[in-house]
Amino acid sequence: MNKNQIPRARPWPGFPTSKGLGSFGDANCMEQLLVHCANAIESNDATLAQQILWVLNNIAPPDGNSNQRLTCAFLRALIVRAAKSGTCKMLAAMANAHCHLSIDIHTFSVIELASFVDLTPWHRFGFTAANAAILEAVEGYSVIHIVDLSLTNCMQIPTLIDSIANRLEGHPLVKLTVAGGATEDVPPMLDLTYEELGSKLVNFARSRNVILEFRVVASSYADGFSSLIEQLRVQHLVYAESGEALVINCHMMLHYIPEETLSPLPNTYSNPYSFEPPSTQSFRTMFLKALRGLDPAVVVLVDEDVDLTSNNLVCRLRSAFNYLWIPYDTMDTFLPQGSKQRQWYEADICWKIENVIAHEGLQRVERLEPKSRWVQRMRNANFRGLSFGEDAVSEVKTMLDEHAAGWGLKKEENDLVLTWKGHNVVFITAWVPN
């Protein structure tokens, strides 16, 4: 038996034997089985849940094709949910008896993470398009202050420094501010402190004849980065007249800020924005309005184009299943089965699936919103969208040529969208104060 599989139980009356499960193997059928299993767990029907789990366990091995591996990850997340809620005691006991249900998240070295990020356009798309938008926005400034709110631990910054060194005359002073501790509990994880990473970035910039000042501000997405915003607000009062260009670079980070579907909890939800009046708005809304008050030269927003905010488990499951097949499908084009990088990649996706399916409340941090909703949020915060120029589009297309043929690019109004086999994957939008 594969050590990652749930022990095979005897089939229940009326369910097919493992030899008769071939018809259950397509993605639509797997999705329906997962939905029925989720409903059974939520209604505390342990017998039905176990019957469906037996079928899923037989048709979705962890080393199968992309749809099978995707389904296996959802199966595991549903069992974790049952164990957490205690609604299905037999399933909870099963989960507790098999420690393989825990996810082995890899901690990357800088070199490993840089290589990992370069494997697909998932992050490179945002890096490339964002760098082009930033360079255009800061041209002519002698001081550039970049606030990097990034899931990838500053992996975009070396490419941006290279671009500044090669394209901007006079090599402006670059200030880089990051939110320390913002992603310490979210993969991908790095084996360096931000101070150590900052030292490496300063040295790299020096090798490109760019002066870089690096600063870490302890701040968390849980309260909308309020301490970071407060520090930036104070700096804005000091440097507003000095000709400093403020760049807010948001790469797959803002969806961790709590939004409207996270109900206020006693003693945990208060307004941390000391300069804002008390409000019933979400931290996400307050954060964007606070950014607008800083009068940035440009705000770049990159994220995954999917809605995972529903408080209904089945809605979230369907939405996640019909989006997260994409990384599993792309993986088969560039990583051989059994490779370490594939294990690391799939473990990070499993972490996301578990967070979306097994957790609720403050623990459920993967609260992605589609591009259309972010566009409306930015407009409501009094920002105006910028269009990406021909140079940015050309650079993205050149980057995509380095990857598998299934990747594509489309333009939706002012925005760019990365696609896989025609399906939206990641979007990028750029904004200036209205």
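Rules used throughout
Residues numbered from 1 in each chain as written. Predicted model: local features only at pLDDT ≥ 70, side-chain atom pairs only at ≥ 80, totals over all residues. Heavy atoms only, no water. Helix = DSSP H or I, 4+ residues; strand = E, 2+ residues; numbered from the N terminus. Buried < 20%, exposed > 50% of the residue type's maximum accessible area, 1.4 Å probe, protein only. Contact = heavy atoms within 4.5 Å. Areas by Shrake-Rupley, 256 points an atom, 1.4 Å probe, with all protein chains shown as cover. Phe/Tyr/Trp six-rings, centres within 6.5 Å; stacked < 30°, edge-to-face > 60°. Lys NZ or Arg CZ within 6 Å of the ring centre and 35° of its normal. Lys, Arg positive; Asp, Glu negative; His and termini not counted. Salt bridge = Lys/Arg side-chain N within 4 Å of Asp/Glu carboxyl O. Polar contact = N/O pair within 3.5 Å; in protein donor to acceptor, adjacent residues only side chain to side chain. Expected span 1.5 Å × (residues − 1). Pairing = 2+ DSSP bridges.

Chemist: Hey, could you run me through the overall build of the protein chain in this one?
Modeler: What the protein chain contains, in helices and strands, is 14 helices and 11 strands. Here the protein chain, with 434 residues, has 55% of them falling under the buried criterion. Sequence separation of at least 24 residues holds for 77% of the intrachain contacts in the protein chain that already meet a minimum separation of 6. For the protein chain, the exposed area adds up to about 18,400 Å²; of that, 50% sits on carbon and sulfur atoms.

Chemist: Explain the packing of aromatic side chains here, please?
Modeler: Working definition: an aromatic ring pair is given by the centre-to-centre distance plus the angle between the planes. Counted according to the given criterion, the structure contains 10 aromatic pairs. Taking 6.1 Å as the distance between ring centres and 80° as the angle between the ring planes, the aromatic pair formed by phenylalanine 334 and tyrosine 345 counts as edge-to-face. With phenylalanine 334 in the loop between helix 11 (313–331) and helix 12 (340–358) and tyrosine 345 in helix 12, this pair connects stretches of sequence that are 11 residues apart. You can call phenylalanine 334 partly exposed: its relative accessible area is 25%. Linked through ring pairs, Phe108, Phe116, Phe334, Trp344 and Tyr345 together constitute an aromatic cluster. Its guanidinium or amino end placed over the ring of tryptophan 374, arginine 377 lies 5.9 Å from that ring's centre, counting from NZ or CZ.

Chemist: Any chance you could explain the side chain of arginine 292 here in plain terms?
Modeler: Along the polypeptide, arginine 292 turns up in helix 10 (residues 283–293). We note that arginine 292 is buried and unpaired, the nearest opposite charge coming from aspartate 295 at a distance of 4.1 Å. Among the polar contacts listed, one links the side chain of arginine 292 to the backbone oxygen of asparagine 434, at a separation of 3.1 Å. Non-local contacts of arginine 292, meaning those with residues more than four positions away in its chain, are made with Ala381, Asn382, Phe383, Pro433 and Asn434.

Chemist: Hey, could you run me through helix 3 (residues 66–85) in this one?
Modeler: Residues three or four positions apart in an α-helix share a direction because the helix packs 3.6 residues into each turn. In this model helix 3 runs 29 Å from its N-terminal to its C-terminal C-alpha over 20 residues, within 8% of the 28 Å that 1.5 Å per residue would give. Taking the backbone nitrogen of asparagine 67 as reference, a side-chain oxygen 3.1 Å away marks asparagine 65 as the first, capping residue of helix 3.

Chemist: Could you clarify how one ought to interpret helix 7 (residues 157–167) in this entry?
Modeler: Turning to helix 7, its buried residues are Ile157, Leu160, Ile161, Ser163, Ile164 and Ala165. For helix 7, the elements touching its buried residues are helix 6 (121–138), strand 2 (143–150), strand 3 (173–180), helix 8 (194–207) and strand 5 (212–218).

Chemist: Before we go on, may I ask you to explain the pairing of strand 7 (residues 298–304) in this structure?
Modeler: Looking down a regular strand, the side chains alternate between one sheet face and the other. Judged by how many residues are buried, strand 7 sits mostly within the fold: seven of seven residues are covered. A two-sided burial pattern is seen for strand 7, the buried positions comprising Val298, Val300, Val302 and Glu304 on one face and Val299, Leu301 and Asp303 on the other. Of the strand pairs in this sheet, strand 6 (residues 244–251) and strand 7 are connected by five bridges, and their pairing is parallel. Residue pairing for strand 7: isoleucine 248 is matched across the bridge by valine 299. The pairing of strand 7 with strand 11 (residues 423–433) spans six bridges and is classified as antiparallel. Each residue of the ladder has a partner; that of valine 300, found in strand 11, is alanine 430.

Chemist: When you look at the pairing of strand 11 in this model, what are you seeing that I'm missing?
Modeler: The buried count for strand 11 comes to 10 of 11 residues, which makes it a mostly enclosed element. One ladder, built from four bridges, connects strand 8 (residues 383–386) with strand 11; its direction is antiparallel. Of the residues in strand 11, the one forming a bridge with glycine 385 is tryptophan 431. The sheet contact formed by strand 10 (residues 415–420) and strand 11 spans five bridges and is antiparallel.

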